[in-house]
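Okay, here's what each chain looks like letter by letter:
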Amino acid sequence: MAVLELRDVHLTYRTAQGPVPAVRGVDLSVDGGEVLGLAGESGCGKSSLVASVLRLQPRSATVTGQVLVGGENVQTMSWRRLRAVRWGEAAVVFQGALHSLNPIQRIGRQLVEPILLHDSAATPRTAADKVAGLLAQVGLPETHADSYPHQLSGGQKQRVMIALALTCDPQVLIADEPTTALDVMVQAQVLELLVGIARQRGMGVVIISHDLSVLATTCHRVAVMYAGRVVELGPAQELFEHARHPYVRALARAFPTIGEARSRYAPAGLPGDPPFPDRLPSGCPFHPRCADAVDECSSVDVRLRPAGPGRVAACVHVGAGVG
Amino acid sequence: MALTSPVDARTGTVSSGGATTPGGIGRFIGYRLVSGLGTLVFVLLFNFFLFRLLPGDPAARYRAVKNIGAADLARIRAELDAPVLTQFWAYLRDPLALNGISAWKGQPVWDLVGGRAWPTVVLLGSSTLISVLIGVRVGIRAGWKRGGRFDKASTAVTLLFYATPEFWLGLMLILLLSSGVGPFPALFPSGGVIDSGIDPLSIDGAVSVAEHTVLPATALAAVYIAEYSLIMRASIIDEQSQDYLTTARAKGLMDHVVRRRHAVPNASLPTITLIFLNIGFIIGGAITVETVFSYPGLGLLTFEAVSEQDFVLMQALFLVFTLSVIVFNIIADVVIALLDPRIRG
C-alpha cells in the first residue's frame, strides 16, 4: 500500500517577475518498505517537492494536485491535523545536517522534543530512553545526547538527523541529499544505515540525490526529474544501466564507473545548462541540450509513456509498446 | 549495518567533549578577569596624564573653597607644586584617589561619588528594565512577521525614537508633563531625585524617587527601546532563514513554540551582549539626560566636575566609568558563554 502518493503535483512560486513553476505535474507513489530514489540536477524541483510533502513550502508558493501521506491530503488538511502528520507520519532528514540542528540546544533535548510532542503517553524518562536507543541504532554513543551540535563531526550530525527523523516512527521518511556534505566513506555508511532501518521498520523512503550511481545501489526504484517533471522512472539498476531518456543516459554517464580508469579521465558531460523554470523551451524542455533531438521535439511536450515493464520515460523515441 | 566502521572509532574520541566541563567556564571567566585587569592598569596610567593636561588653576580653585582645612590646603598645594614625575609617583601610590579632595566642594571625592551613585543606579536600572522589556518584545514580534503591519508601524516609530536627541526629548517631556503647558497638567516633578526631607528608604521616599525618575528614565529608555528592538528584529530575521527552524516546524511544533523555543534564544545573543555593554556605557553616558533633568546622579556630577574644573573628582568619575564598562564587558562575555555552548568550546 502506498504510504506516500503524489498526484499531479504542481508547485509555483510567485515572484516579482511573475510565476515560476518549479514542479509541473509529478505523479509518484512509495509503498511501505520501499526505497525510492529521486535524482536530478540542482533546480529541477526536487527540494520544492520535498517541501510540499510536509507543507513546508514558503508562503510565496502555490501547490496544486494531491500530496497524500497515508491517504490524507497534506496540502488541504487542517493545521491541527498537519501538525500531527508532521514528524508523526512523515519525517525528513534535511539537506545540510550541519545547520539543521539548533546550535545552542543539546542533541538529547532536540531529539526528545518531537517524542513528547507527538506521543501523549511519553514521559521525559521514556522519551530519553527512546532517544538513547535511537542513538545506539545510528551508531552513536548514548552520551552524545549531552553534546551540542558543534561538538559532533559532519557524519555524526547526519546520524543525529537520521535518529531525529526516526523519533516518532513515521510511515514516510524523506532524505533530502542526506550524504552531500559527507566524504565518500561516510556517505555509503549513512545510506546503508538509513535504508537498513527503514526496511526493518517497513517505512516508505524517498532518497533525494543528484548522484545517480548512489541511488542505483541503494534504491528499489529511481525517478529522475528534469525541469519540474519526472522524465524517467524505473527499477534502479535497470534505469542506471539502460536509461531510455537521453537526459538520464547523460546523467548516468556523468559519474565515472569505479574500477574503469577510462571513465575517470573522460566523464561524459552534458552541454548547456538546465533551463530556468520561468523560461522553459517549447516542446520537450530537454531538446536544446539533447543529442538525439528531432524536429518533433521542439513542438511536442511529451509526457511519460510506458517504456518496458515497470518503466516509464518521457521521450518521443520511446514508443508505446517498445520494450 | 555500519556499526563497526572507522567513523565509530572517531565518535569515541569526540564524545569525550560531550558535556561542558565546569572547568571550561571557570577558565574562561579567569581569563576575562585577567584581561580586564590589564585594561584597568592601562586606564589608571592614562587617567593621570589626561587630567593634568586640562587648562585652569586647581590651586586657585581650592583657595576658593571655604570648608577646606588649612593643613589639607597646604598638603594639596605642595602636591600641585611638585614636579610631574613626583606627582606621578604620588599618584601611583594612590591611583584610586582614596584621599582625593574635591576642588569644588572641599569634601573627599569618594563621598561625593558615593552620594550620587544610587540615583544613577535607580535611573539606569529602571530605564534598562523598560527598554529591554519593551524593545526586545517589539523586535521579536516585528521580525517574526517581517513586512507585516506591526513590523511597518513599529519600525517607523523606533527609527523616529532612535533619531531623537535625548536632550530634546527630555526638554519636551519637562515642557509637557512637568511644567504643565496648555491642557497638560504638571504631572511629574523635575529636578532632583527625591523631595527634600524624606528618607529614601521609606515608602514615601520610594514614591518620591519614582516620581522624579519617571521622566528621565523615559527619555533615556526611548533611544534604547529603539536600539534593542531594531537589533532584535534584525537578528530574528537573520535566524528565520536558518535550517534548524525548518526542522523545528517540520517536527510539528506550533509557530509560537518554534519562535519562543528555537528562534528567540539564538536571536537574542547579539542583543544580550549589547544590553550589558550599554549598561556599562550608560553609567557614564546619562550625562545629557541627568543634566537636562537636574537629576543628581553621576552624569550630572560629571557635568559639574567639568564645569568646576575639579580634576580629582573627574579622575574618580572616569575611574568609575571605565570600571563599569570593563566589568559589564566581562559580565556580557560570561553570560553569552553560559548561553552559547559554541563560545565555551
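We now turn to the structure provided with this report.

Conventions used here
Residues numbered from 1 in each chain as written. Chains lettered and ligands numbered in written order. Predicted model: local features only at pLDDT ≥ 70, side-chain atom pairs only at ≥ 80, totals over all residues. Heavy atoms only, no water. Helix = DSSP H or I, 4+ residues; strand = E, 2+ residues; numbered from the N terminus. Buried < 20%, exposed > 50% of the residue type's maximum accessible area, 1.4 Å probe, protein only. Polar contact = N/O pair within 3.5 Å; in protein donor to acceptor, adjacent residues only side chain to side chain. Pairing = 2+ DSSP bridges. Contact = heavy atoms within 4.5 Å. Axes fitted to C-alpha atoms, helices over the stretch in contact; angles between N-to-C directions. Disulfide = S-S within 2.5 Å. Salt bridge = Lys/Arg side-chain N within 4 Å of Asp/Glu carboxyl O.

1. Re the side chain of arginine 159 of chain A
Residue and element names in this part refer to chain A. Here arginine 159 shows up in helix α5 (residues 154–166). For arginine 159, a relative accessible area of 1% corresponds to the buried category. Here valine 138 takes part through its backbone oxygen, which lies 2.8 Å from a polar atom of the side chain of arginine 159.

2. Description of the sheet that holds strand β6 (residues 90–93) of chain A
Residues and elements named next belong to chain A. The strand order across the open sheet built from eight strands is β6-β7-β8-β3-β9-β10-β12-β11, with neighbouring strands paired in mixed fashion. Edge positions in the open sheet fall to β6 and β11 (305–306), since each of these has one partner strand only. In terms of strand pairing, strand β3 (residues 35–39) meets strand β9 (residues 221–226) through four bridges, oriented parallel. From the neighbouring strand, leucine 38 faces β9, where its bridge partner is alanine 223. Contacting β3, β6, β7 (172–176), β8 (204–209) and β9, helix α1 (residues 46–53) runs over the sheet at an angle of about 150° to β7. Of the strands in this sheet, β9 and β10 (229–235) touch helix α9 (residues 246–253), which is tilted by about 110° from β9.

3. Regarding the state of the cysteines
Residues and elements named next belong to chain A. All chains considered together, the criterion is met by zero disulfides over all chains. Lacking any disulfide linkage, cysteine 297 is separated from the closest cysteine sulfur, that of cysteine 284, by 6.0 Å. On the basis of relative accessibility, which here comes to 6%, the residue cysteine 297 falls in the buried class.

4. Structural notes on the pattern of salt bridges
Going through the model one piece at a time under the given rule, you end up with 19 salt bridges over all chains. In this structure, the salt-bridge partner of arginine 229 of chain A is aspartate 301 of chain A, at a minimum N-O distance of 2.9 Å. Here arginine 229 of chain A is found in strand β10, whereas its partner aspartate 301 of chain A is found in the loop between α10 (261–265) and β11, with 72 residues between them in sequence. The network of salt bridges with shared partners includes Glu113 of chain A together with Lys251 and Arg261 of chain B.

5. Some words on the sheet that holds strand β2 (residues 18–31) of chain A
Residues and elements named next belong to chain A. Across the sheet, four strands lie side by side as β2-β1-β4-β5; this open sheet has antiparallel pairing. The open sheet has two edge strands with one neighbour each: β2 and β5 (72–73). By the bridge criterion, eleven bridges tie strand β1 (residues 2–15) to β2 in an arrangement that is antiparallel. Bridge pairing in β2 links alanine 2 to aspartate 31. Sitting on the sheet, α1 touches β1, β2 and β4 (61–69), and the angle it makes with β1 is about 115°.

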